[in-house]
Amino acid sequence: MKGRRKTGTRIGILLLSVLLVFGMVGTVNAANKTVTIGVIAQLTGPYGPPTRGIMEGVLDVIEAVNKYDPIPGITLKGVFVDGASSPAKAMSACKKMVAQHNPVVVLDWTTPSALALKSYFIKKEIPCVTGGGANPLWEMPSWSFSATAPYVNQVGGWVDYYVKNIWPKKGLNRKPNF
């Protein structure tokens, strides 16, 4: 749990950084002093148990910002829905969350739901910070901002490391097979 909460805290900090960098907080009407950050959490389904700490970490960061480093005149509020490890359920839950809470940004950490919601976020002009790294998330137009490198780049980085640091120690007189 401790490691997952740490991951959630890092993702939460990234989320708030994106909020500030892209000026989303500044676009809030002065009369509206509460800024809502939406979270599509995976509380059920196969991603449920191992990712619960991410949602808790994000909500902890929002609470900590409000308490220790508040944005003048603004209170951050986190709302979450269960994406249920299913793109269809994530889409339905996200649309309901947007209708009820009007978040200025949505955090999602699964590639399938981020891909399923990409055109919705473009239409609604809501930035989505996702942990997904699929290439279509990087294709323009997009309101999706990935917290990770594209998957092909991740694999390429691992292969480069392996060939440089691990393969030579094997003492084999051939190229590695992948």
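Structure: see above.
Bear in mind the structure is a predicted one, so any value in this text is a computation, not a measurement.

The rules behind each value
- Residues numbered from 1 in each chain as written.
- Predicted model: local features only at pLDDT ≥ 70, side-chain atom pairs only at ≥ 80, totals over all residues.
- Heavy atoms only, no water.
- Helix = DSSP H or I, 4+ residues; strand = E, 2+ residues; numbered from the N terminus.
- Buried < 20%, exposed > 50% of the residue type's maximum accessible area, 1.4 Å probe, protein only.
- Contact = heavy atoms within 4.5 Å.
- Areas by Shrake-Rupley, 256 points an atom, 1.4 Å probe, with all protein chains shown as cover.
- Pairing = 2+ DSSP bridges.
- Right-handed = clockwise from strand over helix to strand, strands pointing away.
- Axes fitted to C-alpha atoms, helices over the stretch in contact; angles between N-to-C directions.
- Parallel < 35°, antiparallel > 145°, perpendicular 65-115°, else oblique.
- Left-handed = near helix turned anticlockwise from the far one by under 90°.
- Phe/Tyr/Trp six-rings, centres within 6.5 Å; stacked < 30°, edge-to-face > 60°.

A. Representation of the overall build of the protein within the structure. The helix and strand tally for the protein stands at five helices and five strands. Scored against the burial criterion, the 178 residues of the protein give a buried share of 40%. Within the protein, contacts between residues separated by at least 24 positions form 55% of all contacts whose residues are at least 6 apart in sequence. A total accessible area of about 10,100 Å² is found for the protein, and carbon and sulfur atoms account for 59% of it.

B. Looking closely at the pairing of strand S3 (residues 105-108). Of the two faces of S3, the one holding Val105 and Leu107 and the one holding Val106 and Asp108 are both buried throughout. Looking at chain direction, strand S1 (residues 34-41) and S3 are connected through four bridges and run parallel. Bridge assignment links Gly38 to a residue of S3, and that residue is Val106. A crossover connection joins S3 to the parallel strand S4 (residues 128-130) through helix H4 (residues 111-124); in handedness this β-α-β unit is right-handed.

C. Highlighting the sheet that holds S3. What the five strands build is an open sheet, ordered S2-S1-S3-S4-S5; its pairing is parallel. Each edge of the open sheet is held by one strand with a lone partner, namely strand S2 (75-82) and strand S5 (144-146). Going from strand to strand, the sheet's axes swing by 25° on average, the running direction of each strand aside. Contacts from helix H3 (residues 87-101) reach S1, S2 and S3 within the one sheet, and its direction differs from that of S2 by about 150°. Of the strands in this sheet, S1, S3, S4 and S5 are in contact with H4, which crosses S3 at around 165°.

D. Representation of the packing of H3 against H4 within the structure. It is at 8 Å that the axes of H3 and H4 come closest, and there the two elements cross at 40°. Classified by the angle their axes make, H3 and H4 are oblique. Regarding H3 and H4, the two cross each other, and that crossing is right-handed. Across the interface between the two elements, Pro87, Ala90, Met91, Cys94, Lys95 and Val98 from H3 touch Pro112, Ser113, Ala116, Leu117, Tyr120 and Phe121 from H4.

E. Local environment of the packing of aromatic side chains. Considering all chains together, one arrives at five aromatic pairs under this definition. For the ring pair Tyr162 and Phe178, a centre distance of 5.7 Å and an interplane angle of 80° mean the geometry is edge-to-face. Residue Tyr162 is located in helix H5 (residues 151-170), and its partner Phe178 is located in the segment after H5; the two are separated by 16 residues in the primary sequence. Given the relative accessible area of 15%, Tyr162 is considered buried.

F. Spotlight on the pairing of S2. Here eight bridges tie S1 to S2, and the two strands are oriented parallel to one another. In the strand pairing of S2, Ile37 is matched with Gly78. Handedness of the β-α-β unit built from S1, helix H2 (residues 48-68) and S2 comes out right-handed.

G. Structural view of the side chain of Ser144. With respect to the helices and strands, Ser144 occurs in strand S5. On the basis of relative accessible area, Ser144 is assigned to the buried category, the value being 8%. With residues up to four places along the chain from it excluded, the contact list for Ser144 reads Lys118, Cys128 and Leu137.

By themselves these figures say nothing about function.
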